[in-house]
Amino acid sequence: MAAPDGRVVSRPQRLGQGSGRGPKGRGACLHPLDSLEQKETQEQTPGQLDMLRKAQEFFQTCDAEGKGFIARKDMQRLHKELPLSLEELEDVFDALDADGNGYLTPEEFTAGFSHFFFRQNNPSQEDAGEQVAQRHKEKVYQSRGNEDLGDMGEDEEAQFQMLMDRLGAQKVLEDESDVKQLWLQLKKDEPHLLSNFEDFLTRIFSQLQEAHEEKNELEYALKRKIAAYDEEIQHLYEEMEQQIKSEKEQFLLKDTERFQARSQELEQKLLCKEQELEQLTQKQKRLEGQCTALHHDKHETKAENTKLKLTNQELARELERTSWELQDAQQQLESLQQEACKLHQEKEMEVYRVTESLQREKAGLLKQLDFLRERNKHLRDERDICFQKNKAATANTAASRASWKNRSGSVIGKYVDGRGILRSQSEEEEEVFSIPRRSSLGLSGYPLTEEEPGTGEPGPGGPYPRPLRRIISIEEDPLPQLLDGGFEQPLSKCPEEEEVCDQGAQGQIQEAPPLKLTPTSPRGQPVGKEAVCKESSPSAPDRLFKIVFVGNSAVGKTSFLRRFCEGRFSPGMAATVGIDYRVKTVNVDDSQVALQLWDTAGQERYRCITQQFFRKADGVIVMYDLTDKQSFLSVRRWLSSVEEAVGDRVPVLLLGNKLDNEKEREVPRGLGEQLAKDNNLIFYECSAYSGHNTKESLLHLARFLKEQEDTVREDTIQVGHPAKKKSCCG
Ligand SMILES: Nc1nc2c(ncn2[C@@H]2O[C@H](COP(=O)(O)OP(=O)(O)OP(=O)(O)O)[C@@H](O)[C@H]2O)c(=O)[nH]1
Ligand SMILES: [Ca+2]
Ligand SMILES: [Mg+2]
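Residues numbered from 1 in each chain as written. Chains lettered and ligands numbered in written order. Predicted model: local features only at pLDDT ≥ 70, side-chain atom pairs only at ≥ 80, totals over all residues. Heavy atoms only, no water.

Draft legend 1. Representation of the overall build of the protein chain in the model. Tallying secondary structure elements over the protein chain gives 19 helices and 6 strands in all. By the burial criterion, 41% of the 730 residues in the protein chain qualify as buried. In the protein chain, of all internal contacts separated by at least 6 residues, the share reaching a separation of at least 24 is 76%. For the protein chain, the computed accessible surface area is about 42300 Å², with 52% contributed by carbon and sulfur atoms. (Helix = DSSP H or I, 4+ residues; strand = E, 2+ residues; numbered from the N terminus. Buried < 20%, exposed > 50% of the residue type's maximum accessible area, 1.4 Å probe, protein only. Contact = heavy atoms within 4.5 Å. Areas by Shrake-Rupley, 256 points an atom, 1.4 Å probe, with all protein chains shown as cover.)

Rendered as structure tokens:
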């Protein structure tokens, strides 16, 4: 409930407990009505009662809330009731507020009001004495009135009134007329009982008053309680209102905040969306632009496409035409190639035949020579040794020379000395055997070291000195031409003689082949002369390869060739002079391959001759002596001179000879292998002495050459281009 100053009191109980706060500290505990009634019953006259009732009414008007007291502003409610201005009412309040605490208790109000009222009505009666006198007058007046009504004496009336006053019956009794009649009756009829009756009345009234007071108290307490409850409820209500208000405010605040946050968020989202939309719009525009451009392009491309299609058709037609032409050209080319191939093969075969016929011719000559030797020996035996220098013998030799010339067609060299006299066989042999190994005869001498076939032993040096000289002119050396196949005369075939060991004898070569006269003359043949080896062969060779044999002197080239061609070894071979060659046909994968093997001289001075032969070679064999370190060291030089002449287009076979002489080995196998690997060579270690690896190595090379040639032939399109050298080692 609101305090007089208007502040909100959170704890209404305090009001009740408050000391001196408000007017209820002491006298205000009674309800104003009660106090008024009390006063009525106790001392007031009926006029006063009216006045008190009036005062009570006014008090209730002012205290509309039922607080039990009146504040200054409450007085203003009387403005409508009373003919007083607001200032006057203020004055009245000040006048009524006897203790000046700003509140009017019901007592103050009643007392002040009656005083004020009486003064208003009877301005002359100002003091209490006057009031009492007035009251007495009224009482007297009333008594007189009553006397008239009930024939009651004035004294009795006064007596009764005094009794009533003494008993305080006004407060309890509403209508005292019955009691009055009873009292009058009793006084008249039984005066002795009057005192008892009065006592009884006294008791009754005192009890009644007590009960009344008690009731009043209870009522007042109840009202106070109600007021307190009201106040409390008001407090609670106000508090609740405040709480609701604050809650509402908080809620509103929160709600506003939330709303604001949400709206901000939404705004941001909206902004983002707008940006996205803008981007999308831009993208769309861009894409539209691209689309248009593409559309445009498409049209252009279409036109171009049509154009290209037309061009394409034209080109296709042209291509067809060209391909027809190409096919024609290819067919022509093929036929030309076949022709060329055929010509090549024919040429090679011709070369082979020429070589063969030369060999046959040579063999014939040798036979004649043998015959002459035999004749000579016979003559020598017959005649006296003293007539050795007989002219008959000279004539004989001259005759025989003439007959050779006639048969050989000047193929064999002239066995004449500078004076045109053919020296005797004895002289020849003498000269030959006087030549040490590695003769420095230069180009003219062919020492004889031929041994008996089948015997592994070297000849005893030969008992017959033969003054035979074989002269080879380097400048006129026909062999390079032979390699070229530059023979023109047709030659008869001799299929039976498949393998021919030929000596490089031509018209230009002047040589003195030693005759093998008897088996007791093992040195009857010159070194470099090839034995005629006859082997049956089912058919003529399919192809011919020229292979040049190089390497330092005495590594065993000639011995190797002899082993390969003749299947025998002749120790103590003389150094090769100039160049020599042999032909041997071998069977490689069901085809007959003729190998023209060119035996070169290893000595330094013949190098320039050797060099010429590389150019025509299909393959090269470089040999070193594995018991001679120096010969191995020279291999690089030989390789580089091969490369200088032919590049790397010919396959090279590297041979380490004299494998039989393992004791004196100076070149480890690994070195040879490494060298071969580094230079892409075919490599074998072999022995001319034992024949180990002689055939195998040459067959390897022959197979390689054959395969290489096959590849070249198959590769018809690349005709005219040099065939690439295949890897030898693989
Ligand atoms: N132990 C042994 N000795 C051999 C072998 N091959 C050759 N000889 C000997 O080595 C020497 C030289 O042999 P040649 O065949 O004349 O050597 P070359 O390479 O032809 O020599 P030039 O003609 O000067 O280039 C001869 O005394 C042969 O007997 C072999 O495999 N083993
Ligand atoms: Ca007061
Ligand atoms: Mg030799």
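Draft legend 2. Spatial organisation of the sheet that holds strand E2 (residues 579-588). Sheet architecture is open: 6 strands sit in the order E2-E3-E1-E4-E5-E6, paired in mixed fashion. Sheet topology places E2 and strand E6 (682-685) at the edges, where each strand pairs with a single neighbour. Within this sheet the neighbouring strands show an average axis-to-axis angle of 25°, counted without direction. Against the sheet, helix H18 (residues 669-679) engages strand E4 (619-625), strand E5 (652-657) and E6, with an angle of about 165° to E6. (Pairing = 2+ DSSP bridges. Axes fitted to C-alpha atoms, helices over the stretch in contact; angles between N-to-C directions.)

Draft legend 3. Broad picture of a negative patch on the surface. On the surface, a cluster of negative charge is contributed by Glu210, Glu213, Glu214 and Glu217. Mapping Glu214 onto the fold places it in helix H10 (residues 194-382). (Patch = residues over 30% accessible without salt bridge, like charges linked within 9 Å, V, L, I, M, F, W, Y side chains within 5 Å. Salt bridge = Lys/Arg side-chain N within 4 Å of Asp/Glu carboxyl O. Lys, Arg positive; Asp, Glu negative; His and termini not counted. Charge placed at Lys NZ, Arg CZ, Asp CG, Glu CD.)

Draft legend 4. Quick peek at the coordination of the magnesium ion (ligand 3). Distances from the magnesium ion (ligand 3) to its protein donors, namely Thr558 (OG1) and Thr576 (OG1), fall within the range 1.8 to 1.9 Å. With Thr558 in helix H14 (residues 557-566) and Thr576 in the loop between H14 and E2, this pair connects stretches of sequence that are 18 residues apart. Accessibility expressed as a relative area gives 8% for Thr558, which makes it buried. (Donors = N, O, S within 2.8 Å, 3.2 Å for Na, K, Ca; no water.)

Draft legend 5. Local environment of the site of ligand 1. Taken together, 25 residues sit near ligand 1, with Ser553, Thr558, Ser559, Thr576 and Gly602 positioned nearest. In this structure, Thr558 approaches ligand 1 through a side-chain N or O atom, which is 2.7 Å from an oxygen atom. A distance of 3.2 Å separates an oxygen atom of ligand 1 from a polar atom in the backbone of Gly572. For ligand 1, whose free accessible area comes to 640 Å², the fraction covered by protein is 90%. Broken down by element, the shell around ligand 1 gets its largest block of residues, 3 residues, from H14. (Near = heavy atom within 4 Å. Polar contact = N/O pair within 3.5 Å; in protein donor to acceptor, adjacent residues only side chain to side chain.)

Draft legend 6. Structural context of the nonpolar core. In this structure, Val620, Val622, Tyr624, Val635 and Leu654 are the most contacted members of the largest nonpolar core, which totals 39 residues. Val635 has contacts with Val622, Tyr624, Leu654 and Leu675, leaving out every residue within four places of it along the chain. Core analysis: the second largest hydrophobic core is formed by 27 residues, Phe569, Leu655, Ile682 and Tyr684 among them. (Core = buried A, V, L, I, M, F, W, Y, C linked by side-chain atoms within 4.5 Å.)

Draft legend 7. Seen up close, the coordination of the calcium ion (ligand 2). Binding of the calcium ion (ligand 2) to the protein goes through Asp97 (OD), Asp99 (OD), Asn101 (OD1), Tyr103 (O), Glu108 (OE) and Glu108 (OE), at separations of 2.1 to 2.9 Å. With 6 donor atoms in place around the calcium ion (ligand 2) and angles of 62 to 148° between them, the coordination shape is irregular. Counting the intervening residues between successive donors of the calcium ion (ligand 2) yields the motif D-x1-D-x1-N-x1-Y-x4-E. Remark: Glu108 occurs in helix H5 (residues 106-121) and Asp97 occurs in the loop between helix H4 (86-96) and H5; sequence separation between them is 11 residues. Given a relative accessible area of 8%, Asp97 falls into the buried group. Its relative accessible area of 12% is what places Glu108 among the buried residues. (Tetrahedral: all angles 85-135°; square planar, octahedral: opposite > 155°, others 65-115°.)

Draft legend 8. Looking closely at the packing of helix H15 (residues 607-614) against helix H17 (residues 635-646). Relative to each other, H15 and H17 sit at 50°, their axes nearing to 8 Å. Judged by the angle between their axes, H15 and H17 are oblique. The chirality of how H15 crosses H17 is right-handed. Listed contacts from H17 to Arg607, Thr610, Gln611 and Phe614 of H15 are Arg637, Trp638, Ser641, Val642, Glu644, Ala645 and Val646. (Parallel < 35°, antiparallel > 145°, perpendicular 65-115°, else oblique. Left-handed = near helix turned anticlockwise from the far one by under 90°.)

Draft legend 9. Summary view of the packing of aromatic side chains. Scanning all chains against the criterion turns up 8 aromatic pairs. Seen from their ring centres, Phe59 and Phe109 are 5.5 Å apart, and the 65° between their planes marks the pair as edge-to-face. Placement of Phe59 in helix H3 (residues 46-62) and of Phe109 in helix H5 is noted, with a sequence separation of 50 residues between them. As far as the burial class goes, Phe59 and Phe109 line up, both buried. The interplanar angle of 70° and the centroid separation of 4.7 Å between the aromatic rings of Tyr624 and Phe632 together place this pair among those described as edge-to-face. Residue classification places Phe632 among the buried positions, given a relative accessible area of 11%. Within the aromatic cluster, the residues linked to one another by ring pairs are Tyr581, Trp598 and Phe613. If you follow Lys584 out to its NZ or CZ, it ends over the ring of Phe564, 5.5 Å from the centre. (Phe/Tyr/Trp six-rings, centres within 6.5 Å; stacked < 30°, edge-to-face > 60°. Lys NZ or Arg CZ within 6 Å of the ring centre and 35° of its normal.)

Draft legend 10. Region of the structure containing the confidence of the model for the protein chain. A residue-level look at the protein chain finds 65% of positions with pLDDT of 70 or above and a mean pLDDT of 72. Within the model, the stretch residues 123-130 combines pLDDT values under 50 with 5 contacts to residues more than four positions away or in other chains. Note that pLDDT drops below 50 for residues 143-149; the model gives that stretch 10 contacts with residues more than four away or on any other chain. For this predicted complex, the interface confidence reaches an ipTM of 0.96, while the overall pTM sits at 0.39. (pLDDT = per-residue confidence, 0-100.)

Draft legend 11. Examining the pairing of E6 more closely. Taking every second residue as pointing to the same face, both faces of E6 are buried, with Ile682 and Tyr684 on one and Phe683 and Glu685 on the other. The parallel pair E5 and E6, bridged by H18, forms a crossover whose chirality is right-handed. (Right-handed = clockwise from strand over helix to strand, strands pointing away.)

Draft legend 12. Up close: the environment of Asn661. Positionally, Asn661 belongs in the loop between E5 and H18. Distance in space between the C-alpha atoms of Asn661 and Tyr689 is 9.2 Å, their sequence separation being 28 residues.

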